[in-house]
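Architecture at a glance
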Amino acid sequence: MSSTQARRNVLTNTSARQNILIVGCGIAGPVLATLLLSSPGSVHELPQITILERNTAALGSGQNIDIRGLGKHVINELGLTEEVKRATTGEEGVKIVDAANRVWAQMAADKTGKVETGTSDVEILRGRLAEILLDQAKRVSESVKARGGMGVDFIFGDSIQGLHQDDNKVYVQLANAGRRTFELVVGADGLHSKTRKLAWGAEQEGCSKPLHMYGAFFSTNKEAGDGDWRSWFHAPGGVSVMLRPSGTKEKSTVLVLLADKDGSIAKDLEGSARDVPAQKSLVLRRLKGIVWQEQRLRNAVAEADDFYFDTTAQIKLDRWSKGRVVLLGDAGYVSCVPPCF
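Residues numbered from 1 in each chain as written. Predicted model: local features only at pLDDT ≥ 70, side-chain atom pairs only at ≥ 80, totals over all residues. Heavy atoms only, no water.

Notes on the pairing of strand 14 (residues 239–245)
The line we're drawing: The rule is simple: take the accessible area with a 1.4 Å probe, protein chains only, and divide by the maximum for that residue type; under 20% is buried, over 50% is exposed, in between is partly exposed. Strands are runs of DSSP state E lasting at least 2 residues, helices are runs of H or I lasting at least 4, and numbering of each runs from the N terminus. Any two strands with at least two DSSP bridges between them are considered paired.
Most of strand 14 is tucked away, with seven of its seven residues classed as buried. Burial along strand 14 is two-sided: Val-239, Val-241, Leu-243 and Pro-245 facing one way and Ser-240, Met-242 and Arg-244 facing the other are all buried. Sheet analysis places strand 13 (residues 230–235) next to strand 14, joined by five bridges and oriented antiparallel. Its bridge partner being in strand 14, Ala-235 is matched across the sheet by Val-239. Hairpin connection, strand 14 to strand 15 (residues 251–259): the antiparallel pair is bridged by five residues, and Gly-247 has positive phi, about 90 degrees.

Next comes the structure, spelled out in structure tokens:
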């Protein structure tokens, strides 16, 4: 029996159908739902799943990410290998450039997938991957429902506000949909997980370990010189910029990394860490004087409607489950470079 099958059986081989809440509809949430509903056996033994997402729709944005190792195995388990490969950004490799855009080093992607370089052979925008995974979860859910099962109930535009549990149930208070009861709650709601805060309480205070870097992601209009290679520029003062293909003819993507070993960025953002205008203002200040693509980058920050900014960190906990609540991905243990997934 495969390890994946064994994990499925833990939740599906019970005498009564389980009611499971997955908080978060990014990457991990829909994947878990799909795997649980793809278990063999009677459709009537499959769990009833609710996926809760505080945004009004699944997030269709996010930085370029690469799928490697175990990630490829999971995509294959989902039957999505070819679909994901068709949706890649087409990035050919990475070039390290200086302020005059001269190439000092370059490394091509290995498209065979046999050797992992700086650019994976499966390089895809986070938002595009999220769309593919959500569509698959919806297809599997509809198939289960057509055969008499419960499938997935998707709730968008709502959030978890309260949570308590006993030996048998988890009682969840939703902001809009009221009180719900589940046998299991999975927190797949990212670095700033509300599920973790509610279930762990004071135990989780101080669990976010900073990696002393912030990141900003946004897109910009694609220019003729952008090409299909990633350009990576390191500026003095702890500023690093990546300009990358998006897989479209219209846009290129930008990731700005800002080192913060002295804590000055955290201090600048004190009290306004989630305020987008304040975030943009900080990034604009840090980009001043970098020379390489400076005016273009500054204009892109000011105009971006997909701007995302956050700290990089990793959650460190003594355990990833508490009673009938368990954490998945960034909410519990994955190193998180924004935008997290």
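Regarding helix 9 (residues 294–303)
Note the cut-off: Directions are taken from the helix axis to each C-beta atom, and the arc is the one they span. The contact criterion used is simple: two residues touch if any of their non-hydrogen atoms lie within 4.5 Å.
Along helix 9, the residues classified as buried are Arg-296, Leu-297, Ala-300 and Val-301. Angularly, the buried residues of helix 9 cover 135 degrees about the axis, an arc narrow enough to put them on a single face. Residues of helix 9 that are exposed and point over 90 degrees away from its buried face: Ala-302 and Glu-303. In this structure, the buried residues of helix 9 make contact with strand 12 (208–221), strand 14, strand 15 and helix 8 (276–287).

Here we look at the UniProt feature "transmembrane region" (unreviewed entry) in the chain
What counts, and what does not: UniProt positions are given in the numbering used here, feature names are shortened, and annotations may be inferred rather than shown by experiment.
In the numbering adopted here, UniProt assigns the feature "transmembrane region" (unreviewed entry) to residues 20–38. What you have in residues 20–38 is 53% helix and 21% strand, and the ends, taken at the C-alpha atoms, are 15 Å apart.

Focus: the side chain of Ser-193
Cut-off, in case you're wondering: Under the rule applied, a polar contact is a pair of N or O atoms within 3.5 Å (in protein, one hydrogen donor and one hydrogen acceptor; residues adjacent in sequence only if both atoms are side-chain atoms).
Summarising the element assignment, Ser-193 is placed in the loop between strand 11 (184–187) and helix 6 (194–200). Note on Ser-193: relative accessible area 0%, which makes it buried. In terms of polar contacts, Ser-193 uses its side chain to reach the side chain of Asp-189, at 2.6 Å. Contacts of Ser-193, omitting those with residues within four sequence positions, involve Leu-327 and Ala-331.

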